[in-house]
Amino acid sequence: MAFYRFDPAMALCLESVLDELDAEGRPGLRNSLGLTWIRYSDANPDAGDGLGVSWNHQKPIYPASVVKLFYAVAAEQWLQRDLIPDSDELERALREMIADSSNDATGLVLDLLTGTTSGPMLHGEHWLMWQRQRHLVNEWLETLVWPELELVNCCQKTWGDGPFGREKAFYGHDNANRNALTTAGTARMLEAVMTGSVVSPPACRRLRALLQRSLDPDQRRADPENQVDGFLGEGLPEGVTLWSKAGWMSQARHDAAWWQLPDQPPMLLVAFSSGPDHAKDEQLLPALARALSAFSG
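Quantities reported herein were computed from a predicted structural model and do not represent experimental measurements.

Caption draft 1: The environment of G119, seen in detail. Within the fold, G119 resides in the loop between helix 4 (103–114) and helix 5 (124–134). Once the C-alpha coordinates of G119 and K168 are considered, the two residues, 49 residues apart in sequence, prove to be 10.0 Å apart. When residues no more than four places from it in sequence are discounted, the contact partners of G119 are F164, G165 and R166.

Caption draft 2: Structural context of the packing of helix 2 (residues 67–80) against helix 6 (residues 136–143). With their axes 11 Å apart at the nearest point, helix 2 and helix 6 run at an angle of 80° to one another. By the criterion of interaxial angle, the relationship of helix 2 to helix 6 is roughly perpendicular. For the pair formed by helix 2 and helix 6, the contact residues are F70, Y71, V73, A74, Q77 and W78 on the first element and L136, V137, W140 and L141 on the second. Considered class by class, the residues forming the contact of helix 2 with helix 6 number nine nonpolar, one polar and no charged.

Caption draft 3: Highlighting the pairing of strand 5 (residues 241–249). With two bridges connecting them, strand 4 (residues 212–213) and strand 5 associate as antiparallel partners. Residue pairing for strand 5: Q212 is matched across the bridge by W243. Two elements, strand 5 and strand 6 (residues 252–260), share nine bridges in a ladder whose sense is antiparallel. Its bridge partner being in strand 6, W243 is matched across the sheet by W258.

Caption draft 4: Examining the packing of helix 8 (residues 183–194) against helix 9 (residues 201–211) more closely. In contact at an axis separation of 8 Å, helix 8 and helix 9 are set at 110° when each is read in the N-to-C sense. On the basis of their axis angle, the class for helix 8 and helix 9 is roughly perpendicular. Between helix 8 and helix 9, the residues in contact are L190, A192, V193 and M194 and C204, L207, R208 and L211, respectively. Among the residues forming the contact of helix 8 with helix 9, the class breakdown is seven nonpolar, no polar and one charged.

Caption draft 5: Examining the nonpolar core more closely. Ranked by size, the top nonpolar core spans 51 residues in total, and within it Y71, L113, L141 and M189 carry the most contacts. When residues of this core are traced back to their parent elements, those giving at least two are helix 2, helix 3 (88–99), helix 4, helix 6, helix 8, helix 9, strand 6 and strand 7 (267–274). Here this core gets ten residues from one element, more than from any other, and that element is helix 2. Those residues in contact with M189, other than ones at most four positions away along the chain, are L69, F70, V73, W140, L141, L144, W146 and V198. Grouped together as the second largest cluster of nonpolar side chains are 32 residues, L236, L242, A246 and A287 included.

What counts and how
- Residues numbered from 1 in each chain as written.
- Predicted model: local features only at pLDDT ≥ 70, side-chain atom pairs only at ≥ 80, totals over all residues.
- Heavy atoms only, no water.
- Helix = DSSP H or I, 4+ residues; strand = E, 2+ residues; numbered from the N terminus.
- Contact = heavy atoms within 4.5 Å.
- Axes fitted to C-alpha atoms, helices over the stretch in contact; angles between N-to-C directions.
- Parallel < 35°, antiparallel > 145°, perpendicular 65-115°, else oblique.
- Nonpolar A, V, L, I, M, F, W, Y, C, P; charged D, E, K, R; others polar.
- Pairing = 2+ DSSP bridges.
- Core = buried A, V, L, I, M, F, W, Y, C linked by side-chain atoms within 4.5 Å.
- Buried < 20%, exposed > 50% of the residue type's maximum accessible area, 1.4 Å probe, protein only.

Next up, the structure:
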């Protein structure tokens, strides 16, 4: 059972929007797009209060940097359980991992979460232990008992040039062990953060502060990697407040966003688009957000 209630009117709207986007010259869009779209009726909703619709929402997709949202939530869980020490350096890494999408910062966070480090190949019991520890985030996600997380895999670092050594070996044959998320699982995690219903309300407030994006044109021009331009935030109306985590690489352009106009109910949209053509398409996600944010029911 979904964590939101299905809305037939939203389903019709989404079908129409996908038809329009496909007709604009994006053949095969439906096969390479995963999407979960939820709207709420209260300005301060609780988790599970939304109406929604989805497309390929349980299809595991390589998430690129969207996985950093999950690592940030896991870090808050580890801190609450005193499994890792708080420090200025951890706070800096979390901030740069989410706000700036730093891969280097992500590497430190995952090392702290799992007690592992990168390096040359390991062997025997040392290699087996390293692999077991790298699945600690997955083991924690299983304890949430969310059906939307059954197919996810959050155990790899994020890279610029790619993994080497033990990291490369851990990806497995044909990269079978690479990270994977669904839009349903990502939407549920983002909703939990935004409604204060995962780890603790103070932890969620800290995470929301990291996820908030500026839509100010001057600030966006000053930061070419602002996670707004070319993503969902670019298509939103003036005056919204946006919280999001984008992911982009040669084979993917993704975004997970929650936005809200003053004194209005929020809306949540997670969209994963895969393939080299969609990765280069800087107008797909803005067009999707522009069309769906205008829905009034």
